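Per-entry structural report
For reference, the chains in residue letters:
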Amino acid sequence: MLVVVNPLAGAEGKTQSAWLAQQLQQKKWMATWFYTTGNFVADRAAITQAATMHKSVVVIGGDGTLHLVANAIAELTNTLALLPAGTGNDFARQFTYSNEQWRAAVFSDQVVSIDLGKIAERWFVNVAGIGFNAHVMNNLGQKKRLGKLSYTCAGLMSLFTAKPIHYEMPEWPNTGMMLLLANGKHFGAGLTPAPMARLDDGRLELLWFTPGNHWQRVMLFIKMIFKRHMNDRGLHHKRVSVLHIAQPGYDVEADGELIGQTPVTITCHRQVLNIKKAPL
């Protein structure tokens, strides 16, 4: 077993690591422990190499650590088990597992293959996009002193500072606030922008947010908090398997990480990551 740990995961990360170490000792299982350094390229290469010597990979961390490991082992035969220990844990939310169920999944023989999105050579597990979400991550940086509230505070501030973006779609307005491609349902430490997204249907949920002014931005944000935004006239959505964003110069965010700039082509790939499930 390869165990990938984010050393910045805090108290929850230490608790999950201690539990797993105890379980491995009791079961007399051998494991290799890898601690991420924050250098994406070097960490990805090291994890890929280590994964060739193990069947199972366990991630102790949040969405960023999961994003890293997915990029290291996508399309390989390894199974991935997750022990959520991040600030947002947005990917984990859609499984509605208890902590006990996540722990049970580590040693489960039940596996589900999920889709991944891809931007150039970078995979993403959950949600990617341009505009408001990238602006929030720029405002947030590495500062998450308020935990989950850090996302909300950065989001509220960004409602008034994020610049509009341009995206040409014949049937929709060309200027908007945010363009999302969602493989999973949640982002932003608990918001649910894409309640209809599925992890196994070969499609991404495309959401194009076009509120006309700051007040409409605030109202749409509030509606999203309460999961009542899907019928708002400032939101347009459909399902796609590929999308090209031609307008240059926009920051691209994926799984809470800023990964580059447009122009980009975003695609969905079926069943390329094997996730362990909690036993029924």
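Looking up the chain in an unreviewed UniProt entry gives the name Diacylglycerol kinase, with the organism given as Pseudoalteromonas piscicida.

Considering the sheet that holds strand 7 (residues 127–131)
Ordered in space as 12-11-10-7-14-15, the six strands form an open sheet in which the pairing is antiparallel. The strands lining the two open edges of the sheet, one partner per strand, are strand 12 (235–240) and strand 15 (257–261). For this sheet, the mean angle separating the axes of adjacent strands, direction not counted, is 20 degrees. Pairing analysis gives five bridges linking strand 10 (residues 178–182) to strand 11 (residues 204–209), with the strands arranged antiparallel. The residue bridging Met178 from the neighbouring strand is Phe209, located in strand 11.

Notes on helix 5 (residues 99–106)
Of the residues making up helix 5, those classed as buried are Trp102, Arg103, Ala105 and Val106. For helix 5, the buried positions fall inside an angular range of 155 degrees around the axis, keeping them on one side. In this fold, the buried residues of helix 5 make contact with helix 1 (10–27), strand 3 (56–61), strand 4 (79–84), helix 4 (90–93) and strand 16 (264–276).

Quick notes on the packing of helix 1 against helix 5
Look at helix 1 against helix 5: their axes get within 12 Å of each other, and the N-to-C directions meet at 45 degrees. As the angle between them shows, helix 1 and helix 5 are arranged oblique. Pair helix 1 / helix 5 crosses with right-handed handedness. Across the interface between the two elements, Glu12, Thr15, Gln16, Trp19 and Leu20 from helix 1 touch Asn99, Arg103 and Val106 from helix 5. Partitioned by chemical class, the residues of the contact of helix 1 with helix 5 number three nonpolar, three polar and two charged.

What about the pattern of salt bridges?
Per the stated rule, a full pass over the model turns up six salt bridges. The closest approach of N and O atoms between Asp200 and Arg198, which form a salt bridge, is 3.2 Å. Classification of Asp200 as partly exposed rests on a relative accessible area of 31%. Residue Arg239 pairs with Asp201 through a salt bridge whose shortest N-O separation is 2.2 Å. Within this pair, whereas Arg239 is found in strand 12, its partner Asp201 is found in the loop between strand 10 and strand 11, the two being separated by 38 residues in sequence. Residue Arg239 is classed as partly exposed on the basis of its relative accessible area of 32%.

Observations regarding unusual backbone geometry
With an omega of 10 degrees, the peptide bond running from Thr262 to Pro263 counts as cis. Note on placement: Pro263 falls in the loop between strand 15 and strand 16. Of note, Asn89 is a non-glycine position whose phi angle comes to about 50 degrees, a positive value. Judged by its relative accessible area of 18%, Asn89 falls in the buried class. With a phi close to 60 degrees, Lys227 is a non-glycine residue in the positive phi region. Tracing the backbone through its elements, the reader meets Lys227 in the loop between helix 8 (214–225) and strand 12.

Reading guide: rules and limits
- Per-chain numbering applies: the sequence of each chain, read as written, is numbered from 1 onward.
- Where local features are concerned, this predicted model is filtered to residues with pLDDT of at least 70; where side-chain atom pairs are given and counted, the filter is 80 or more; whole-chain, interface and lining totals use all residues.
- Where side-chain values are given, they derive from all heavy atoms of the structure, hydrogens and water being excluded.
- Here a strand pair is declared whenever DSSP counts at least two bridges between the two strands.
- Only DSSP runs of H or I covering at least 4 residues are called helices, and only runs of E covering at least 2 are called strands; the numbering of each starts at the N terminus.
- Here an axis means a line fitted to C-alpha atoms, over the contact stretch when the element is a helix, while the angle between two N-to-C directions is reported on a 0 to 180 degree scale.
- Three exposure classes are used, based on accessible area relative to the maximum for each residue type with a 1.4 Å probe and protein chains only: buried under 20%, partly exposed in between, and exposed over 50%.
- Regarding the arc, it is the one traced by the directions from the helix axis to the C-beta atoms.
- Contacts are assigned to residue pairs with any non-hydrogen atoms lying within 4.5 Å of each other.
- Comment on the angle field: the value is read as roughly parallel under 35 degrees, roughly antiparallel over 145, roughly perpendicular from 65 to 115, and oblique elsewhere.
- Whether a crossing is left-handed or right-handed is set by the direction in which the near helix is turned from the far one by less than a right angle, anticlockwise for left-handed and clockwise for right-handed.
- We call Asp, Glu, Lys and Arg charged. Ala, Val, Leu, Ile, Met, Phe, Trp, Tyr, Cys and Pro are nonpolar, and the rest, Gly among them, are polar.
- We define a salt bridge as a side-chain nitrogen of Lys or Arg found within 4 Å of a carboxyl oxygen belonging to Asp or Glu.

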